[in-house]
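Each chain, letter by letter, is given below.
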Amino acid sequence: GELRDKAIIAVLLSLVGTVLYLRVRFAEYGYGIAVVVSLVHDVLIVFGALAVATMTGAIQAELDLSMIAAFLTVIGYSQNDTIVIFDRVRENRLHSKAPLRDILNDSINQTLARTILTTSTVVIVLLILFVFNVGSRNVLEAFSFAMLVGVISGAYSTVYVASPVLLWFEKRAEKKANSRNDSSKGVTAPAKAVAAPGA
């Protein structure tokens, strides 16, 4: 129970630190919120996969210090992968007047080769580590399984979770700005009195 509570606190603190870091780096909260949503997604995917694998007897996993390290490592990996794409988004927005949707698509395509290469090499290492430890019921079995699921989840959550959340957040901010502008334009000066004909 103590380890569980410390794991929850560690994950929450890392998410808060992520938002603050990205707020300073990108000067907007939208990027940080998008990253945190994808990180929460990754943590839940890993936690769910561990629960299913443990209940079915595929692996033996306990919430110990190694598992806390696996969760935090998954958060760091996924965050780094997302920041690479968001950095490219920020650069492309400085040199393009295109809508954010198109900029996101271009940025993802420009960094796709890097994402595939990085993810595939990490997955190969983790897969080897898992294959040589599955059934041994040691710490590396659960750790490599959690990392394997987390790296795969982190690779697609950048594209399919963080980017759509950023797009939604930006559209929401634009709607709020437009509604404020419309309300300010709606307040017009009082109409001048018009003299009646023949007066």
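The shown structure was predicted, so the numbers you read here are calculated from the model rather than taken from an experiment. Starting from 1, residues in each chain are numbered consecutively following that chain's sequence as written. Side-chain atom pairs in this predicted model are given and counted only at pLDDT of 80 or more, local residue features only at pLDDT of at least 70, and totals for whole chains, interfaces and linings cover all residues. Based on all heavy atoms of the structure, the side-chain values leave hydrogens and waters out of the count.

Draft legend 1. Region of interest: helix H4 (residues 100-131). Considering bend angle alone, the principal kink of H4 is centred on threonine 111 and spans about 45 degrees. Exposed residues in this analysis have more than 50% of their type's maximum accessible area, buried residues have under 20%, and partly exposed residues fall in between, with area computed by a 1.4 Å probe over protein chains only. Strands are runs of DSSP state E lasting at least 2 residues, helices are runs of H or I lasting at least 4, and numbering of each runs from the N terminus. All of the buried residues in H4 are Leu100, Ile103, Leu104, Ser107, Ile108, Thr111, Thr115, Thr119, Val123, Leu126 and Phe130. A residue's bend is the angle separating two fitted axes: one through the seven residues that end there, the other through the seven that start there.

Draft legend 2. Quick look at the environment of threonine 18. Looking at the secondary structure, you find threonine 18 in helix H1 (residues 2-26). Between the C-alpha atom of threonine 18 and that of glutamine 79, which follows or precedes it by 61 residues, the distance is 8.1 Å.

Draft legend 3. Representation of the packing of aromatic side chains within the structure. Whether two aromatic rings pair depends on their centres lying within 6.5 Å, for rings of Phe, Tyr and Trp, where Trp uses its six-membered ring; planes under 30 degrees apart make the pair stacked, over 60 edge-to-face, and the rest tilted. A full pass over the atoms with the stated rule returns 3 aromatic pairs. For the ring pair tyrosine 31 and phenylalanine 86, a centre distance of 5.3 Å and an interplane angle of 75 degrees mean the geometry is edge-to-face. Of this pair, tyrosine 31 sits in helix H2 (residues 29-55) while phenylalanine 86 sits in helix H3 (residues 65-95), placing them 55 residues apart in sequence. Judged by relative accessible area, tyrosine 31 falls into the buried class, the value being 2%. Aromatic side chains phenylalanine 47 and phenylalanine 71 sit 6.3 Å apart centroid to centroid with 40 degrees between the ring planes, which places their arrangement in the tilted category. Residue phenylalanine 47 is found in helix H2, and its partner phenylalanine 71 is found in helix H3; the two are separated by 24 residues along the sequence. On the basis of relative accessible area, phenylalanine 71 is assigned to the buried category, the value being 8%.

Draft legend 4. Examining the nonpolar core more closely. Judged by nonpolar contacts, the single largest core of 42 residues is most densely connected at Val46, Leu50, Met67, Phe86, Val89 and Phe145. Elements that contribute at least two residues to this core include exactly H1, H2, H3, H4 and helix H5 (139-186). Non-local contacts of phenylalanine 145, meaning those with residues more than four positions away in its chain, are made with Ala49, Leu50, Ala53, Ile59 and Phe130. Only buried residues count toward a nonpolar core. Its members are Ala, Val, Leu, Ile, Met, Phe, Trp, Tyr and Cys residues joined through side-chain atoms within 4.5 Å. Should any heavy atoms of two residues lie within 4.5 Å, those residues are counted as being in contact.

Draft legend 5. Geometry of the pattern of salt bridges. By salt bridge we mean one thing: a side-chain nitrogen of Lys or Arg within 4 Å of a carboxyl oxygen of Asp or Glu. The full count for this structure, using the stated rule, is 4 salt bridges. Salt-bridge contacts for aspartate 87 lead to arginine 90; the nearest nitrogen and oxygen are separated by 2.9 Å. Linking aspartate 87 with arginine 90, this pair stays in helix H3, spanning 3 residues, or about one helical turn. Classification of aspartate 87 by relative accessible area gives buried; the value is 13%.

Draft legend 6. Molecular detail of the packing of H3 against H4. Remark: H3 packs on H4, axes separated minimally by 9 Å, with the N-to-C direction vectors making an angle of 145 degrees. Considering the relative orientation of H3 and H4, their crossing is right-handed. Taken together, the residues of H4 that come into contact with H3 (itself represented by Tyr77, Asn80, Asp81, Val84, Ile85, Arg88, Val89, Asn92 and Arg93) are Leu100, Ile103, Leu104, Ser107, Ile108, Gln110, Thr111, Arg114, Thr115, Thr118, Thr119 and Val122. Broken down by class, the residue content of the contact of H3 with H4 amounts to 9 nonpolar, 8 polar and 4 charged. In this analysis an axis means a line fitted to C-alpha atoms, helices contributing only their contacting stretch, and an angle means the value between N-to-C directions, from 0 to 180 degrees. The hand of a helix crossing depends on one turn: near helix anticlockwise from the far one by less than a right angle means left-handed, and clockwise means right-handed. In this classification, the charged set is Asp, Glu, Lys and Arg, the nonpolar set is Ala, Val, Leu, Ile, Met, Phe, Trp, Tyr, Cys and Pro, and all remaining amino acids, among them Gly, are polar.

Draft legend 7. Main features of the environment of leucine 112. Secondary-structure assignment places leucine 112 in helix H4. Placed 54 residues apart in sequence, leucine 112 and alanine 58 show a C-alpha to C-alpha distance of 33 Å.

Draft legend 8. View of the packing of H1 against H2. Packing of H1 against H2 brings their axes to within 7 Å, and their N-to-C directions diverge by 150 degrees. Comparing their axes, H2 and H1 come out roughly antiparallel. As H1 runs across H2, the sense of the crossing is right-handed. Facing Leu15, Thr18, Val19, Leu22, Arg23 and Phe26 of H1, the residues of H2 in contact are Tyr29, Tyr31, Gly32, Val35, Val36, Leu39 and Val40. With respect to orientation, any angle under 35 degrees is reported as roughly parallel, any angle over 145 as roughly antiparallel, any angle of 65 to 115 as roughly perpendicular, and every other angle as oblique.

Draft legend 9. Looking closely at the side chain of asparagine 133. Tracing the backbone through its elements, the reader meets asparagine 133 in the loop between H4 and H5. What makes asparagine 133 buried here is its relative accessible area of 10%. In this structure the side chain of asparagine 133 is engaged in a polar contact, spanning 2.7 Å, whose partner is the backbone oxygen of leucine 129. Dropping the residues within four chain positions of it, asparagine 133 is found in contact with Asn138, Leu140 and Glu141. Polar contacts here mean pairs of N or O atoms no more than 3.5 Å apart (in protein, one a potential hydrogen donor and the other a potential acceptor; neighbouring residues in sequence count only if both atoms are side-chain atoms).

Draft legend 10. Expanded view of the side chain of serine 144. By the element assignment, serine 144 lies in helix H5. Of note is the side chain of serine 144, whose polar atom sits 3.1 Å from the backbone oxygen of glutamate 141. Setting aside anything within four residues of it in sequence, one finds serine 144 in contact with Leu126, Leu129 and Phe130.

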